[in-house]
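Residue-level listing of the chains:
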Amino acid sequence: MAQLTLTSAARAAIARGRSRGLLLAGARPSARSLSAVSLPSAAHGNARTSYAQDRIRPRGGHPISALSTEAAPDNHADAAPADEREFQAETRQLLDIVTHSLYTDKEVFLRELVSNASDALEKLRHVQATGTLSGSPSGDGGEGSVPLEIRIETDEANNTLTITDTGIGMNQEGEMQMKEQLKDAGDADPFGEGIIGKFGVGFYSGFMVADKVNVRSKSAGKISEDNASIAETDEEALVWESTGSGKYSVSPLSEDIRQDRGTSVVLHLKPELSQYANESTVETILKKYSNFVGFPIYLNGNRVNTIDAIWLHDPKEVTEDKHSAFYKYVSHMYDEPLSTVHFRVDAPLDIKALFYIPSFHQEKYGMGRMDPGVSLYSRKILIEAKSPDILPEWCRFVKGVVDSEDLPLSISREKPQDTALVAKMRKALTRKIIAHLSKMMKKDMDKYRDEFYKEYAFFLKEGVCQDFESQKPLSKLLMFETSKGMAGELVSLDEYVSRCPPEQKDIYYLFAPSRDLALQSPYMEAFAKSNREVLFIYSAIDDFVMANLKEFEGRNLMSADRSEAEKEEGDKDQSTPSLSPAEATEFCAWFQNTLDSKVSKCKTTDRLSSSPAVVVDNESGALRRMMSIVETQEGGTSTGAMPLPKQTVEINPDHEIIVGLHRLKDADPVLAKVLAEQVLDNCLVAAGLLDDGRSMLPRLNDLMLCVVKSVDTSGAGEAEVPTEETGESSGSEEAKADAKAGKDK
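A. Molecular detail of the overall build of the chain. A tally of helices and strands in the chain yields 21 helices and 25 strands. The buried share among the 745 residues of the chain stands at 51%. In the chain, once contacts between residues fewer than 6 apart in sequence are set aside, the share between residues at least 24 apart is 72%. Surface exposure of the chain reaches about 35500 Å², of which carbon and sulfur atoms provide 49%.

Encoded structure:
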């Protein structure tokens with residue numbers, strides 16, 4: 001038997017393992033290695049169980065652990081019957097929890113068993129790195145020449161699934177390390193933090209889908225007596241068998257069944273779960289959870305995991321072709337990524353991340369709200385697909401992976417466990433994405449503006465409204481049209497501020513359905529006269545962005561319809577008639593009293609030149625638009641819309657309509673009231689506050705009828721006006737008769 005010298009670190013690890021009674025054949029056990037090589041024993045016992053109490057004494061008086069694979073001494077040399085034993089109560093309880101309560105999806109069993117197999121292979125690779133087993137690892141067909149791989153076989157006829165690895169295997173030596181680990185964990189809760197993450201319950205997950213489990217194993221080698229080397233062993237292969245109902249058996253493997261180095265787990269599937277014996281189903285699960293395992297996985301002879309975990313590579317070494325192939329795999333899309341974010345960080349924990357920004361998103365095509373696009377891995381094993389916790393919701397357009405070995409996981413390894421640490425990781429990843437976009441904006445403005453911002457502006461604006469921590473850096477990524485730019489020309493807030501005169505203390509913006517309507521808005525008249533630049537916003541979410549942002553670089557964001565918006569005095573045209581201050585005060589009082597149910601205040605302004613009046617300080621504008629969006633998304637109608645509050649009206653005392661209306665209020669009060677209502681509705685339309693413009697149609701028809709009758713060449717008499725009670729013209733019947741008579745002629 002050849003002996004090999006080990007490193008001092010490996011020798012110390014083996015010594016620690018021997019003192020704890022390891023039944024492993026290798027050195028330096030890793031966190032999850034036991035789950036692969038300790039058989040159903042230490043592998044997956046997460047319950048607080050004293051394994052010293054699980055020891056039973058079969059015939060012959062040799063003590064054996066209740067979960068150990070160590071068989072009793074055979075007093076009859078020629079016979080090797082199966083040794084039947086019973087699980088202790090705590091172990092049966094653990095099996096019941098794993099089988100019925102621990103995992104969300106039954107398909108996770110395959111991820112756990114493949115992870116165990118991978119750990120067994122990693123254990124053997126470590127041994128081979130510190131030396132070699134007896135004989136050449138690439139020699140003449142011995143154990144050392146067996147490749148490190150995982151093979152999975154499906155058998156639909158017999159309803160079985162077999163997972164085989166060529167890892168370190170198991171032998172009959174010693175007690176389990178689990179006993180010491182549980183002792184170290186203390187008397188915490190049954191699933192205490194001292195155990196979680198150190199031992200998986202993966203092996204027992206097989207009982208979720210199987211009526212019976214067989215485990216066949218052959219050890220790769222044996223630790224020498226001086227703890228300094230590893231040697232080959234000729235020990236026979238063992239088979240462990242259990243139905244998970246409370247009993248199990250351990251026996252030598254039958255000679256007609258071949259078992260090379262490593263372990264084979266045979267699952268005799270439950271009849272109702274026969275889909276797990278189907279090759280297509282198993283392949284889908286493998287590609288979902290275990291596609292990046294570091295060892296080849298073969299399913300019925302065909303390799304499954306052909307894609308490399310490129311996020312673990314140096315970002316400088318990954319080619320564009322590899323990025324393209326990996327992007328299409330993680331995103332399930334067929335375009336090329338617009339941009340790639342590949343990085344590693346060490347704080348608050350070790351993180352390897354690879355993000356892609358697609359060239360387009362799917363929400364705009366009516367496909368509904370997208371799910372998160374980033375999945376969480378731990379050591380290349382999928383923990384949570386499309387995780388909602390690792391990036392804020394506005395980043396759902398980002399596709400990719402995040403891998404962290406340091407992240408504490410739940411006992412089922414389906415969710416991160418430490419929420420505070422996850423929050424820190426989320427903040428660090430979000431900062432990286434924003435920094436990448438800022439870099440793109442500075443170095444390639446055309447790409448940022450024409451490709452990214454055009455496609456993803458909505459998500460950035462959503463982030464400003466929802467992600468308070470990222471609001472300030474996100475605001476620097478926003479872009480808008482302005483009154484001084486061309487149609488379609490976008491500028492950032494930084495650029496707008498750089499063009500402001502020193503005395504301008506505010507950033508002005510105006511909401512309108514389109515650029516043309518914004519330029520024609522009465523609110524733009526004062527800014528046009530003073531040559532001040534105004535941002536144009538065209539959607540409801542832009543309105544909310546401004547309301548949530550409130551200020552940028554020390555300057556307040558102010559809507560152009562605010563009464564305190566800065567105004568500059570201009571020279572009045574003395575040739576046009578206007579109201580004196582006393583007349584203007586009188587008119588404002590009349591206007592407010594006449595429309596008392598709709599107007600809270602009326603005053604004069606010098607901000608207008610070509611418009612008779614505007615409404616200002618309408619706090620309800622953004623809220624009404626938001627409620628409209630929410631109601632539409634929920635399939636509602638406008639019947640439940642909240643009533644429009646009273647408005648503040650500013651009039652232009654120099655406008656001909658206001659001057660004429662002042663004269664008419666005494667000469668024809670009824671007509672003056674109808675005109676005042678129309679002036680107010682015009683103001684509401686300009687402010688975007690009129691819920692339904694069709695409400696004006698009867699009044700407009702009556703006003704047109706009055707105009708037509710006033711110029712009637714037949715001299716039918718003075719025009720009639722709508723009555724106050726009905727809103728209909730008192731002379732409408734006569735007007736209709738006259739119109740009919742004229743038509744007959």
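B. Spatial organisation of a nonpolar patch on the surface. A cluster of nonpolar residues, Leu697, Leu700 and Met704, forms a patch on the protein surface that exposes about 260 Å² of accessible area. Mapped onto the fold, Leu700 is located in helix H20 (residues 697-710).

C. Representation of the packing of helix H19 (residues 669-687) against H20 within the structure. Running from N to C, H19 and H20 cross one another at 130 degrees; their axes reach a closest spacing of 11 Å. As far as their axial angle goes, H20 and H19 are oblique. For the element pair H19 and H20, the recorded crossing hand is left-handed. Between H19 and H20, the residues in contact are Leu671, Val674, Leu675, Glu677, Gln678 and Asp681 and Arg699, Leu700 and Leu703, respectively. Taken together, the residues of the contact of H19 with H20 sort by class into five nonpolar, one polar and three charged.

D. The nonpolar core, seen in detail. Residues Phe355, Val402, Leu429, Phe452, Leu460 and Phe591 are the most contacted members of the largest nonpolar core, which totals 97 residues. Here this core gets nine residues from one element, more than from any other, and that element is helix H9 (residues 419-443). Not counting the four nearest positions on each side in its chain, Val402 is found in contact with Ile351, Lys352, Ala353, Phe355, Val374, Ser375, Leu376, Tyr377, Ile390, Met425 and Leu429. Within the second largest apolar cluster, 61 residues are counted, among which are Leu95, Leu124, Trp240 and Met333.

E. Representation of the sheet that holds strand S21 (residues 551-552) in the model. Read across the open sheet, the six strands follow the order S18-S17-S20-S19-S22-S21; overall the sheet is mixed. In this open sheet, the two edge strands, each paired with only one partner strand, are strand S18 (491-492) and S21. By the bridge criterion, four bridges tie strand S19 (residues 506-511) to strand S22 (residues 555-559) in an arrangement that is parallel. Bridging from a neighbouring strand, Tyr508 pairs with Met558 of S22.

Here is what the cut-offs are and how they apply
- Residues numbered from 1 in each chain as written.
- Predicted model: local features only at pLDDT ≥ 70, side-chain atom pairs only at ≥ 80, totals over all residues.
- Heavy atoms only, no water.
- Helix = DSSP H or I, 4+ residues; strand = E, 2+ residues; numbered from the N terminus.
- Buried < 20%, exposed > 50% of the residue type's maximum accessible area, 1.4 Å probe, protein only.
- Contact = heavy atoms within 4.5 Å.
- Areas by Shrake-Rupley, 256 points an atom, 1.4 Å probe, with all protein chains shown as cover.
- Patch = residues over 30% accessible without salt bridge, like charges linked within 9 Å, V, L, I, M, F, W, Y side chains within 5 Å.
- Salt bridge = Lys/Arg side-chain N within 4 Å of Asp/Glu carboxyl O.
- Axes fitted to C-alpha atoms, helices over the stretch in contact; angles between N-to-C directions.
- Parallel < 35°, antiparallel > 145°, perpendicular 65-115°, else oblique.
- Left-handed = near helix turned anticlockwise from the far one by under 90°.
- Nonpolar A, V, L, I, M, F, W, Y, C, P; charged D, E, K, R; others polar.
- Core = buried A, V, L, I, M, F, W, Y, C linked by side-chain atoms within 4.5 Å.
- Pairing = 2+ DSSP bridges.

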